[in-house]
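One-letter residues, chain by chain:
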Amino acid sequence: MQEKFPILDDHFHINRRTGVGPAVVREFMRSGGTHIVLVSLPSWSHEIAPSVPEDFRPVFDELLTTAEAVREEGCVCYPVCGVHPAEIGKLCARMSLAEAESLMCGALDVAAEYVAEGKAIGLKSGRPHYPVDQEVRDASNRVLLHALTLAADLGCALQIHAESDSCADVADLATKAGMNPARVVKHFATCETPLHPSVTVREPFLAEWFAEKREFTMESDYMDDLSRPGAVNGPRSVPRRMQRMLQEGTVTAEDMWRVHSAVPEKIYGVPFVV
């Protein structure tokens with residue numbers, strides 16, 4: 001009998017308005033996928049223009065509803081909720097930078113309630129991965145520091161969106177906040193980083209990192225947007241890549257259990273087993 005392995009997609013979006021919705025995990029599971037970390041969508045994906053922190057609550061509530069629908073499909077689903085760093089640009093079109101910063105920090109406080117209540121396993125934050133004015137960059141770093149402080153207080157992981165480099169300074173911010181940088185998940189990691197790298201299936205160094213027994217996780221960054229077919233990676237991409245690497249002998253059973261079970265358990269503090 002063929003051995004069963006956990007296969008985690010560490011950054012997965014589901015959008016009932018633009019995409020397939022929760023049923024898309026059937027494709028993921030048919031290819032061997034077992035677990036997803038479901039990340040909250042930006043407020044504008046919910047057609048919400050937030051003015052106060054409580055305006056983000058429907059975003060997080062829908063995340064939980066979607067996560068439950070995914071579980072009903074038979075896939076293990078762990079929600080992560082927070083504030084996308086690109087919110088700052090949208091908000092500054094309607095309010096001052098100081099007001100936008102305060103609103104984002106307040107929304108993270110609301111997200112922290114969901115983690116504290118055991119409804120989500122971690123927070124989400126970051127900073128713009130595109131060029132912005134220094135004032136916006138500084139405000140974004142303060143929002144990120146607030147998220148790191150909340151995660152440290154909660155004892156949970158923090159996923160971050162950020163620029164495509166090592167983000168070594170974020171490790172310093174995490175230490176300042178009292179958080180272990182190894183529990184800061186660098187979404188869409190493309191190089192070595194002192195944070196925890198979550199890498200996409202397309203990265204050319206995957207086989208090398210497996211061979212070196214690196215600690216990382218894998219993601220598709222699936223967008224669930226029917227108007228953008230093929231955007232980033234499809235819902236089957238992580239399990240398909242893992243099955244192919246297994247067949248080629250590029251990864252071993254030990255590798256599978258390390259990257260898709262032991263490592264994420266260490267990061268998130270929840271089980272990843274089959």
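Refer to the preceding data block for the structure.
Worth saying up front: this structure is predicted, and the values here are computed from it rather than measured.

A. Layout of the overall build of the chain. Within the chain one finds nine helices and eight strands. Taken along the three principal axes of its C-alpha coordinates, the chain extends 60 × 35 × 35 Å. Within the chain, the fraction of its 274 residues that count as buried is 57%. Expressed as a percentage of contacts within the chain between residues at least 6 apart in sequence, the contacts between residues at least 24 apart total 69%. A distance of 5 Å separates the average location of the 27 positive side-chain charges in the chain from that of its 39 negative side-chain charges.

B. Looking closely at the pattern of salt bridges. Throughout the structure, instances matching the rule amount to 15 salt bridges. Where E54 meets R57, a salt bridge forms, and the shortest distance between an N and an O atom there is 2.7 Å. For the salt bridge of E163 with R127, the shortest nitrogen-to-oxygen distance reads 2.5 Å. Of the two residues, E163 is situated in the loop between β5 (157–161) and α6 (168–177) and R127 in the loop between β4 (122–126) and α5 (134–154); the sequence distance between them amounts to 36 residues. Of the two residues, E163 and R127, neither departs from the other in class, the shared state being buried. The network of salt bridges with shared partners includes R127, R137, E163 and D169.

C. Quick look at the sheet that holds strand β7 (residues 196–200). If you trace the eight strands from one edge of the open sheet to the other, you get β1-β2-β3-β4-β5-β6-β7-β8, paired in parallel fashion. If you trace the sheet from one side to the other, it starts and ends with β1 (8–12) and β8 (217–219), each paired once. With strand direction ignored, the average angle separating the axes of adjacent strands in the sheet is 30 degrees. Of the strand pairs in this sheet, β4 and β5 are connected by five bridges, and their pairing is parallel. Among the inter-strand pairings, L123 is bridged to a residue of β5, identified as L158. Taken strand by strand, helix α9 (residues 253–268) contacts β1, β2 (35–39), β5, β6 (184–186), β7 and β8, and its axis lies near 100 degrees from that of β8.

D. Representation of the nonpolar core in the model. With 56 residues, the main nonpolar core has I36, L148 and L158 as its most contacted residues. Excluding residues within four positions of it along the chain, L148 makes contact with L158, V170, L173, A174, A177, M179 and V184. Formed by 17 residues, the second largest nonpolar core is a distinct cluster that contains F5, V199, L206 and F216.

E. Just the pairing of β4, in detail. Of all five residues that make up β4, five are buried, and the element is covered over most of its length. Residues of β4 alternate between two faces, with G122, K124 and G126 on one and L123 and S125 on the opposite face, all of them buried. Examined bridge by bridge, strand β3 (residues 76–82) and β4 share three bridges and lie parallel to one another. Across the sheet, the residue bridging to C81 is L123, located in β4. For the crossover from β4 across α5 to β5, the handedness is right-handed.

F. Just the packing of helix α4 (residues 97–116) against α5, in detail. Running from amino to carboxyl end, α4 crosses α5 at an angle of 20 degrees, the nearest separation of the two axes being 10 Å. Classified by the angle between their axes, α4 and α5 sit roughly parallel to one another. Two packed elements cross with a definite hand, and for α4 against α5 that hand is right-handed. Contacts from L97, E101, M104, C105, L108, D109, A112, V115 and A116 in α4 reach E135, V136, A139, R142, V143, H146, A147, L150 and L154 in α5.

G. Looking closely at the side chain of Q159. Structurally, Q159 can be placed in strand β5. Assessed through its relative accessible area of 2%, Q159 is described here as buried. Side chain to side chain, Q159 and H11 meet in a polar contact 2.6 Å long.

H. Geometry of the environment of F28. The topology assignment puts F28 in helix α1 (residues 25–30). With relative accessibility at 0%, the residue F28 sits in the buried group. C-alpha separation for the pair F28 and D9, spaced 19 residues apart in sequence, amounts to 9.1 Å. Contacts of F28, omitting those with residues within four sequence positions, involve I7, D9, G33, T34, H35, I36, C75, P235, R236 and P239.

I. Region of the structure containing the packing of helix α2 (residues 57–72) against α4. With their axes 10 Å apart at the nearest point, α2 and α4 run at an angle of 30 degrees to one another. With respect to α4, the axis of α2 lies roughly parallel. Crossing angle aside, the handedness with which α2 passes α4 is right-handed. Counting all contacts with α2, which are made through R57, F60, D61 and L64, the residues of α4 involved are A107, V110, A111, E113 and Y114.

Cut-offs and rules
Residues numbered from 1 in each chain as written. Predicted model: local features only at pLDDT ≥ 70, side-chain atom pairs only at ≥ 80, totals over all residues. Heavy atoms only, no water. Helix = DSSP H or I, 4+ residues; strand = E, 2+ residues; numbered from the N terminus. Buried < 20%, exposed > 50% of the residue type's maximum accessible area, 1.4 Å probe, protein only. Contact = heavy atoms within 4.5 Å. Lys, Arg positive; Asp, Glu negative; His and termini not counted. Charge placed at Lys NZ, Arg CZ, Asp CG, Glu CD. Salt bridge = Lys/Arg side-chain N within 4 Å of Asp/Glu carboxyl O. Pairing = 2+ DSSP bridges. Axes fitted to C-alpha atoms, helices over the stretch in contact; angles between N-to-C directions. Core = buried A, V, L, I, M, F, W, Y, C linked by side-chain atoms within 4.5 Å. Right-handed = clockwise from strand over helix to strand, strands pointing away. Parallel < 35°, antiparallel > 145°, perpendicular 65-115°, else oblique. Left-handed = near helix turned anticlockwise from the far one by under 90°. Polar contact = N/O pair within 3.5 Å; in protein donor to acceptor, adjacent residues only side chain to side chain.

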